[in-house]
Amino acid sequence: MIRLSDRVEAALPAQSAVAGKKGTRRRRRLTINDIAVGAAIPIVFLVLWQMLYETGRLDANFFSSPTDIASAIGELARSGELFRDIGISLWRVVCGFAIGGTLGLIFGLLSGFSRRTEMMIDPLFQLLRMTPSLAIAPLFILWFGFGETSKVLIIAVGAYFPIYVNTVLGIRNVDNKLVEVSQVLAYSRFSQIAKLIVPSSVPSILLGVRLSLAVAWLSVVVAEMINSKSGIGYLIYFGQYNSRIDYIFVGIILFATAGKLVDSFVRYLERRLLGWRDNFKG
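Residues numbered from 1 in each chain as written. Predicted model: local features only at pLDDT ≥ 70, side-chain atom pairs only at ≥ 80, totals over all residues. Heavy atoms only, no water.

Caption draft 1: Representation of the packing of helix α5 (residues 133–144) against helix α6 (residues 148–172) in the model. Between α5 and α6, the shortest axis-to-axis distance is 9 Å and the interhelical angle comes to 145°. Our pair here, α5 against α6, has a crossing hand that is right-handed. Only T149, S150, L153, I154 and V157 of α6 make contact with α5, whose side of the interface consists of I136, A137, F140, I141 and F144. Partitioned by chemical class, the residues of the contact of α5 with α6 number eight nonpolar, two polar and no charged. (Axes fitted to C-alpha atoms, helices over the stretch in contact; angles between N-to-C directions. Helix = DSSP H or I, 4+ residues; strand = E, 2+ residues; numbered from the N terminus. Left-handed = near helix turned anticlockwise from the far one by under 90°. Contact = heavy atoms within 4.5 Å. Nonpolar A, V, L, I, M, F, W, Y, C, P; charged D, E, K, R; others polar.)

Printed below as a string of structure tokens:
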């Protein structure tokens, strides 16, 4: 004779599987709807932009139409300049971020784990953080010339500080009660760092990575508009110097698109690395 409790236990896995499939389908529908809404808004904006341009509401001396910008993109793509400039700018950002981000993470960990180290190096870093990139760019050019070194270092300086600051904050904001629990459980110092402090600091560090990449893309504009002959920043400078408004808009669109793609990639990493947290809503 089969008991009622056995029937209930046998039905639970099937119900859980059905609920899981429904939840997956619902999340998929929500994702598709979000993408559709997110794509519809820029399309409506472009249509309104084109209409305002054709009716003369936008001055052709200061604006280009979306169709003119699309024609400029096609022109640059056919000549090969578009992909060359994108590749050069991307390479500079990668190199600058690799240098600045690595140093920011290292010094952030040192300052986060040691008050003495923070008192020694943090005041200088905070002074440098408040210095605009445009102010230090002439010095880098004077010291390292107009080659790639000065450009990469300008980007590295911009990429350094977000990771440094957020790494320090991430370590310092670890819940002290969790540290006390780890001490009660007789965790070694290495186990505390590897199993508690570093995992708890990862959200703040990843936020620093997102901000650092954003600042790196902003810094490459400064680096490439100072006596450069290639890159997206130079494309904007060329458009300004030759009154090619469409080239300026092409450069802006390229920067915005590249920044969005990089930010989306980091957010994907956040979802993969932070899914274990109960309060993560990614």
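Caption draft 2: A look at the packing of helix α3 (residues 81–113) against α6. In contact at an axis separation of 6 Å, α3 and α6 are set at 35° when each is read in the N-to-C sense. Two packed elements cross with a definite hand, and for α3 against α6 that hand is right-handed. Tallied by class, the residues present in the contact of α3 with α6 amount to 18 nonpolar, eight polar and four charged.

Caption draft 3: Main features of α5. The terminal C-alpha atoms of α5 lie 15 Å apart, and with twelve residues this matches the ideal 16 Å at 1.5 Å per residue to within 8%. Residues of α5 that are buried include every one of I136, A137, F140 and I141, and no others. Within α5, the buried residues cover an arc of 150° as seen down the axis, which keeps them to one side. Opposite the buried face of α5, at more than 90 degrees from it, the exposed residues are L142 and W143. Note on α5: the residue one or two positions beyond its end, G145, has a positive phi of about 85°. (Expected span 1.5 Å × (residues − 1). Buried < 20%, exposed > 50% of the residue type's maximum accessible area, 1.4 Å probe, protein only. Arc of directions from axis to C-beta.)

Caption draft 4: Quick look at the environment of A72. The residue A72 is located in helix α2 (residues 66–79) in this model. A72 gets classed as buried once you look at its relative accessible area, which sits at 1%. Counting along the chain gives 177 residues from A72 to F249, while the straight-line C-alpha distance between them is 9.4 Å. Once residues within four sequence positions are removed from consideration, A72 is found in contact with D246, Y247 and V250.

Function-wise, these values are silent; they only describe arrangement.
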